[in-house]
Amino acid sequence: MRRITISTLLLAALALILDRLFPLPLPADDSGSTVVLARDGTPLRAFPDADGIWRYPVTTAQVSPLYLDALLTYEDRWFHRHPGVNPLALARAAVQRVWHGRTVSGGSTLTMQVARILDPHSRSALGKLKQILRALQLEAHLSKDEILTLYLNHAPFGGTIQGVEAASWAYLGKSAQRLSHAEAALLAVLPQAPSRLRPDRHPALAQRYRDKLLDRMHALQRWDTATVRDAQHESVAARTLDPPLDAALLAQRLRSALPRERSIRSSIDRELQAAMEARVTSYLARLPERTSAALLLVDNSTLQALAYVGSGAFADPQRLGHVDMVRAPRSPGSTLKPFLYGLALDDGLIHSESLLVDAPQSFGGYRPGNFDMAFNGPVSAADALRLSLNVPAVDLLDRVGPARFAARLANAGLELQWPRGASPNLSLILGGTGATLQDLVGAYAALNREGLAGTVRLREQEPLTERRLLSPGAAFIVRSMLEANLRPGQSRDTFDPGRRARLAWKTGTSYGFRDAWALGTTRRYTLGVWVGRPDGTPVPGQYGAVTALPLLFQAVDSLPRAPEDAASTAAPSTVAEVDICWPLGTAFEPEQPQLCQEKRKAWTLAGAIPPTLPEREATAWHDARLRLRVDARSGQRLSGGCHADSERETVLARWPALAQPWLSAWQRKASRLPPLKGGCADDGLDGNANLQIAGVAAGSSLVRAPGSTHPPHLSLRALGAHGTVQWLVNGRIKAALDAARPFEHDFDEPGTQSITAMTASGNFAQVEIQVLR
């Protein structure tokens with residue numbers, strides 16, 4: 001007895017020493033291949049390990065019970081009962097080999113197969129002994145479930161495919177969690193001869209082996225007759241083994257961010273991702289070569305990314321398809337304007353129909369112009385935003401403050417990027433800064449999230465980070481302003497049989513046609529599109545409304561629809577719709593109807609109806625609401641020390657001085673000052689009286705000189721002007737010259753030509769001429 005005890009202790013000591021000398025070569029949890037999944041578990045992109053092996057990690061709970069049943073029935077029915085080695089199976093295999101002279105059935109348990117996978121050995125007797133010892137070692141260190149998991153993830157399935165999940169996607173196009181009886185049996189037999197039984201190369205042989213296992217399942221009463229018969233009727237289809245490559249740049253981004261994770265589940269919706277990638281690929285085919293595109297789709301309720309197209313052509317080196325334009329800083333063009341108008345609403349500077357002036361202005365030497373170089377004169381805040389007019393936006397930013405505006409955006413998650421040494425300035429509202437598509441989408445979502453912007457989430461596990469960008473009322477008003485922006489070619493009475501979702505959209509174009517943007521938000525989704533060249537090369541003629549906007553509309557129209565998407569939402573309690581009047585911008589006053597030259601319905605916030613913004617440099621005009629004393633008999637106005645026998649007081653509503661050239665004859669008459677009574681001292685209100693255009697008479701006709709190829713030419717001067725004079729032809733600025741210099745211009749377009757000379761104070765002169773063919 002003592003010898004048995006000593007022998008047992010020596011064997012135990014020897015086993016412990018061997019275990020320490022030859023530890024299990026278990027694969028590290030943070031090594032090997034990586035797979036990035038969609039939210040439903042579908043692989044988006046797989047990254048092979050250093051040896052080029054494709055493996056999608058799973059647990060036993062993530063595999064179909066049918067497969068586990070078929071596997072254990074086929075490979076090792078006594079798996080849960082033996083200690084790693086089945087002596088009876090080994091003995092049976094040895095006797096059969098001696099009797100038949102060849103291997104008839106294997107004696108290896110599933111644990112022994114795992115041992116061979118982890119530590120390959122020769123097929124000699126010494127190799128078999130090594131395999132048995134490793135199997136015992138596995139059983140000593142790991143649970144049955146852990147051993148089975150190793151098999152599920154490392155069993156060979158042909159070529160560079162390892163593990164049942166990778167094999168299921170490669171050969172069957174589905175997860176191992178959703179296998180049929182026939183598919184479960186097929187995958188169970190493949191590891192026995194992975195090269196000979198590959199379904200993509202030898203489908204008939206693979207089917208024969210599968211059917212043998214199905215017969216065994218029936219014989220052992222694991223599956224009933226009808227189930228087996230139906231399973232055997234399924235053919236084994238040959239598939240091309242293409243690794244998944246959806247949301248490729250997002251997958252690469254997540255893998256870089258989580259290098260130790262082997263399975264990364266993203267927030268991406270597989271079907272929406274496929275649809276958006278198809279849209280972008282199809283759309284890109286009609287654009288110039290080397291042009292790329294990016295698209296990001298976000299769920300407003302969760303801020304989770306549902307589709308992420310970082311590049312229009314991932315594998316195309318000409319289009320620099322490896323560059324992720326979702327997170328590349330680019331000039332945002334005019335896409336920041338909605339947030340500026342929202343902040344101006346919250347500050348009480350404007351309401352939706354506030355009168356702004358789109359006319360040449362100087363802001364400390366900065367003279368912005370519009371995209372088409374034309375000016376529109378008086379416009380509402382809503383129209384200025386929808387038309388993306390630059391001067392009104394710069395005017396508002398100057399009043400809000402560039403640094404404060406940039407700080408507000410940064411606090412909400414839209415971090416603007418600046419060149420070294422630069423700081424926020426007025427050019428930022430026209431694209432003079434850097435922003436990413438991802439941050440812009442997170443900010444635009446605020447318009448349908450009661451003013452709360454946030455960080456776009458790429459995984460469900462990421463926390464929801466949201467910050468206040470606008471008040472709920474300001475977000476509602478800005479969204480309503482943008483929703484009223486009709487699609488190109490659409491009118492307000494256009495019939496929409498599909499009940500499209502209400503879409504608030506905005507475009508942007510960076511300087512030099514380098515970046516074309518389109519962003520839109522519906523009740524459920526926010527989507528952003530960027531089009532351009534990743535290397536920053538200009539693409540003349542490609543801008544937001546022409547290049548990016550059609551793709552945005554296509555993408556939005558392909559999204560799932562719900563009846564409520566087309567319905568309008570109720571305004572917050574802080575928002576009211578009221579009648580306001582131009583030019584004052586205040587509420588309609590029934591007792592003084594002469595002050596209301598144009599009535600409009602406006603969205604107002606928090607009960608405030610801010611008046612038209614005061615003019616910044618106009619010296620010829622004063623308050624928009626001007627109170628005058630006039631001679632009751634003649635109607636002539638009276639200056640300070642001047643009196644008449646009968647006087648009365650009148651109130652006049654006047655337009656901003658810079659808007660004067662665009663006013664109609666009726667509007668000018670309605671706001672015209674009464675003439676000053678003779679003998680009264682000058683009150684300084686007739687600022688425009690002395691400015692006139694010299695060099696052509698109003699109503700003149702110009703014609704090309706006989707036999708000349710040159711168009712009619714004029715040399716004009718602004719008499720009575722001082723400082724810089726802005727010269728406009730048909731509302732388009734042509735020159736900004738010192739008052740002493742003449743304006744030279746060729747009139748090569750026939751028809752009526754309107755010529756305007758305007759000073760910084762708002763004084764102007766205007767003539768109309770005819771250019772004949």
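Since the model is a prediction, treat every value here as computed from it, not as a measurement.

**A look at the sheet that holds strand β19 (residues 647-653)**
So, step 1. Spatially, three strands are ordered β18-β17-β19 in an open sheet, and the strand pairing comes out antiparallel. Every interior strand has two partners, whereas the edge strands, β18 (637-638) and β19, have only one.
So, step 2. Relative to β19, strand β17 (residues 625-631) runs antiparallel, the two being bridged by seven bridges. Residue pairing for β19: D631 is matched across the bridge by E647.

**Let's talk about the packing of aromatic side chains**
Any two aromatic rings considered together are summarised by their centre-to-centre distance and by the angle between their planes.
So, step 1. Within the structure shown, the criterion is met by five aromatic pairs.
So, step 2. Centre to centre, the rings of F339 and Y444 are 5.0 Å apart; their planes meet at 75°, and the pair counts as edge-to-face. Pair noted here: F339 is in helix α13 (residues 337-346) and Y444 is in helix α17 (residues 437-444), with a separation of 105 residues, a long-range link.
So, step 3. Taking 5.2 Å as the distance between ring centres and 90° as the angle between the ring planes, the aromatic pair formed by F476 and W603 counts as edge-to-face.

**Some details on the state of the cysteines**
Disulfides are covalent bonds that link the sulfur atoms of two cysteine residues.
So, step 1. With the rule as written, the count across this model stands at two disulfides.
So, step 2. There is a disulfide in this structure between C581 and C596, and the S-S distance comes to 2.1 Å. With the S-S dihedral at roughly -85°, the linkage between C581 and C596 falls on the left-handed side. Of the two residues, C581 is situated in strand β15 (residues 575-582) and C596 in the loop between β15 and β16 (598-605); the sequence distance between them amounts to 15 residues. As far as the burial class goes, C581 and C596 line up, both buried.
So, step 3. The residue that forms a disulfide with C642 is C680, at a sulfur-sulfur distance of 1.8 Å.

**Structural notes on the packing of helix α4 (residues 110-118) against helix α6 (residues 144-154)**
So, step 1. Following both chains from N to C, one finds α4 and α6 inclined at 55°, their axes separated by 10 Å at the closest point. Compared by their axis directions, α4 and α6 come out oblique. The handedness of the crossing between α4 and α6 comes out as left-handed. In this structure, α4 uses L110, T111, Q113, V114, I117 and L118 to contact α6, whose residues at the interface are K144, I147, L148, L150, Y151 and H154.
So, step 2. Of the residues belonging to the contact of α4 with α6, the class tally is eight nonpolar, three polar and one charged.

**Side note on the pairing of strand β2 (residues 43-47)**
So, step 1. Counting buried positions along β2 yields five of five residues, so the element is predominantly enclosed.
So, step 2. What sits between strand β1 (residues 34-37) and β2 in their antiparallel hairpin is a turn of five residues, with G41 showing a positive phi close to 90°.

**Side note on the pattern of salt bridges**
Oppositely charged side chains are able to pair whenever their charged atoms sit close together.
So, step 1. A full pass over the atoms with the stated rule returns 31 salt bridges.
So, step 2. The partner of K130 in a salt bridge is D119, and the shortest N-O contact between them spans 3.4 Å. Highlighted residues: K130 in helix α5 (residues 125-141) and D119 in the loop between α4 and α5, separated in sequence by eleven residues.
So, step 3. A relative accessible area of 36% places K130 in the partly exposed class.
So, step 4. For D119, a relative accessible area of 14% puts it in the buried group.
So, step 5. E598 is the partner of R600 in a salt bridge, and the nearest nitrogen-oxygen pair spans 2.9 Å.
So, step 6. By relative accessible area, E598 is classed as partly exposed at 23%.
So, step 7. Several salt bridges converge on common partners, so that one network encompasses D119, K130 and R134.

**Comments concerning the side chain of H351**
So, step 1. Along the chain, H351 turns up in the loop between α13 and β8 (355-358).
So, step 2. Classification of H351 by relative accessible area gives buried; the value is 1%.
So, step 3. Those residues in contact with H351, other than ones at most four positions away along the chain, are L345, A381, I580, G585, A602, W603, T604, I609 and P610.

**Quick word on α5**
So, step 1. Spanning 17 residues, α5 covers 25 Å between terminal C-alpha atoms, matching the ideal 24 Å at 1.5 Å per step.
So, step 2. Those residues of α5 lying buried are G127, Q131, I132, R134, A135, Q137, L138 and E139.

Reading the values: the criteria
- Residues numbered from 1 in each chain as written.
- Predicted model: local features only at pLDDT ≥ 70, side-chain atom pairs only at ≥ 80, totals over all residues.
- Heavy atoms only, no water.
- Pairing = 2+ DSSP bridges.
- Helix = DSSP H or I, 4+ residues; strand = E, 2+ residues; numbered from the N terminus.
- Phe/Tyr/Trp six-rings, centres within 6.5 Å; stacked < 30°, edge-to-face > 60°.
- Disulfide = S-S within 2.5 Å.
- Buried < 20%, exposed > 50% of the residue type's maximum accessible area, 1.4 Å probe, protein only.
- Axes fitted to C-alpha atoms, helices over the stretch in contact; angles between N-to-C directions.
- Parallel < 35°, antiparallel > 145°, perpendicular 65-115°, else oblique.
- Left-handed = near helix turned anticlockwise from the far one by under 90°.
- Contact = heavy atoms within 4.5 Å.
- Nonpolar A, V, L, I, M, F, W, Y, C, P; charged D, E, K, R; others polar.
- Salt bridge = Lys/Arg side-chain N within 4 Å of Asp/Glu carboxyl O.
- Expected span 1.5 Å × (residues − 1).

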